[in-house]
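Close look at the chain arrangement
Read off the chains here:
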Amino acid sequence: SLPLPRWISPQHYSFTLSEAFGHSSFILVAASYATRDFLELRVMAVLGSGAMLLFTYFHPHGRVLWLPLKWNALFIAINSYRIGRVLYDRYMADELGEELKAFREEHLCVIDGVNWYKLVRLAEEETYDEGDLVVIQGCDNHYIRIVLEGELEVLRDGTLTYVVEKGNFVSESGLHAGLMLRGAIESCGTIVVGPPFDPAGENNTENPRKNRVRCLRWDRSELMDLLENDRGLMNSLQAALSWDIVRKLKMQRHMLADGRVKDPKTWTKKRGDQGISRYASILQNMLRSHSSPDGETELGDLSEVLKKYRRIHQIDDGDHRRALAKCGWTEEEFRSGRRCELEDYEDVEEEELESARWRRLKRYSSKVVRSLLQ
């Protein structure tokens, strides 16, 4: 035991080292409440649990408190594992190539290094040469991409609608608004690797400068699983996607200024068609993914997220009805959550016929009974 100095208290007090560890444990727990850093909190939790472990083993009453000792040993193991994961992820983020680090700093600064490493770890890199098709209009697309190098052209019915540059996302399909869609989504346009843009209009096959495109590609379903398990990554990616939309809008203005749009009226119409087609593809994915075997469709929270997407992209009620019609649904069916197939109408007619037959049979039976009683 250690005596207290007389300038602290004139009375004789003493405390054991075990009690000192007990007090330090609670002090560390209190200090952990004041920190916002995840790693600091875990370290303080380990130190606090370690001090409490010593207090329960060398208890002042001379008896080991096994119950709290075992629980604190478990807490130490859990927090130590979490500390190891954080340090490992930070190490792996530092081990990324200089190109990927510079790319994040330039285009995805709202995503921290560890979250960027998690995205890169899940992605696959792909390369396209000039003239290659990336996505074909009307075909299912299972992937979300981001351009690392080069430039992609997006065509709607053969008309150039916009250009995807380095740092732009491709086929995010409402993820910026919170739509966590899985599986395939029908492409609303064709994405192709076109020749480098020449303001003089003299692009030809003899041009020595060729357009080469490199992308990171994520499977949509796998990416949604990752985002659902990591809300911090989800929030930072949504912020990056929001900035990406602003960049794409600015790129469309540059297309007009640089003369890449030959017919502004046709270009505007095709952009509008592409927006409706994109919205219809989103609806089709939602209706297909959330339909039960009995034909019921339960969208749940996705309905509110869909309203948010409509506000962002100015999808009015008329556009909504046209998109539903493209999916084969009416507005009433979408609101009720059930699509009326031809078989449903046949069932209704059959039920009405059976009920009519039953009414006639009852009337005939009642007449027979009355005649017998008379």
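Here the structure is shown first, and the text comes after it.
Here's a quick rundown of the structure. Keep in mind that this is a model prediction, so the values were computed, not measured.

Reading the values: rules and limits
- Residues numbered from 1 in each chain as written.
- Predicted model: local features only at pLDDT ≥ 70, side-chain atom pairs only at ≥ 80, totals over all residues.
- Heavy atoms only, no water.
- Helix = DSSP H or I, 4+ residues; strand = E, 2+ residues; numbered from the N terminus.
- Buried < 20%, exposed > 50% of the residue type's maximum accessible area, 1.4 Å probe, protein only.
- Contact = heavy atoms within 4.5 Å.
- Areas by Shrake-Rupley, 256 points an atom, 1.4 Å probe, with all protein chains shown as cover.
- Patch = residues over 30% accessible without salt bridge, like charges linked within 9 Å, V, L, I, M, F, W, Y side chains within 5 Å.
- Salt bridge = Lys/Arg side-chain N within 4 Å of Asp/Glu carboxyl O.
- Axes fitted to C-alpha atoms, helices over the stretch in contact; angles between N-to-C directions.
- Parallel < 35°, antiparallel > 145°, perpendicular 65-115°, else oblique.
- Left-handed = near helix turned anticlockwise from the far one by under 90°.
- Nonpolar A, V, L, I, M, F, W, Y, C, P; charged D, E, K, R; others polar.

**What to know about the overall build of the protein**
When its secondary structure is counted, the protein shows 12 helices and 12 strands. Residues counted as buried form 39% of the 374 residues belonging to the protein. Residue pairs in contact within the protein that sit at least 24 positions apart in sequence constitute 71% of those at least 6 positions apart. Summing over all exposed atoms, the protein offers an accessible surface of approximately 22,800 Å²; the carbon and sulfur share of this is 55%.

**A few points about unusual backbone geometry**
In most cases, non-glycine residues show a negative phi, while peptide bonds are predominantly trans. Here Ser 173, not a glycine, exhibits a phi torsion of approximately 55 degrees, which is positive. Along the polypeptide, Ser 173 turns up in the loop between β9 (169-170) and β10 (185-186). When its relative accessible area of 11% is taken as the criterion, Ser 173 is described as buried.

**Side note on a nonpolar patch on the surface**
A cluster of nonpolar side chains, contributed by Leu 17, Phe 21, Leu 54, Tyr 57, Phe 58 and Trp 66, occupies part of the molecular surface with about 620 Å² of accessible area. Put simply, the parts of the chain that give the nonpolar patch at least two residues each are α1 (17-32) and α2 (38-57). Here Leu 54 lies in helix α2.

**Some thoughts on the packing of helix α5 (residues 113-122) against helix α6 (residues 220-229)**
One way to put it is that α5 packs onto α6 with a least axis distance of 11 Å and a crossing angle of 150 degrees. The angle between α5 and α6 falls in the class roughly antiparallel. In this structure, α5 crosses over α6, and the sense of that crossing is right-handed. Residue-level contacts link Lys 118, Leu 119 and Leu 122 of α5 to Glu 222, Leu 223 and Leu 226 of α6. Among the residues forming the contact of α5 with α6, the class breakdown is 4 nonpolar, no polar and 2 charged.

**Focus: the pattern of salt bridges**
Here the idea is simple: oppositely charged side chains can pair when their charged atoms come close. Taken as a whole, this structure holds 23 salt bridges when the rule is applied. Between Lys 101 and Glu 98 there is a salt bridge, and its shortest N-O distance comes to 3.9 Å. Pair noted here: Lys 101 and Glu 98 are both in helix α4 (residues 98-107), with a separation of 3 residues, about one helical turn. Take Glu 98: its relative accessible area is 60%, and that puts it in the exposed class. Here Glu 149 ties to Arg 212 by a salt bridge, and the two come within 3.6 Å at their closest N and O atoms. Separated by 63 residues along the polypeptide, Glu 149 in strand β6 (residues 143-149) and Arg 212 in the loop between β11 (190-192) and β12 (213-219) bring together distant segments of the chain. A relative accessible area of 30% places Glu 149 in the partly exposed class. On the basis of relative accessible area, Arg 212 is assigned to the partly exposed category, the value being 38%. A single network of salt bridges, built from pairs that share partners, joins Glu 99, Glu 125, Glu 149, Arg 212 and Arg 214.

By themselves, these are just geometric observations and shouldn't be taken as functional.
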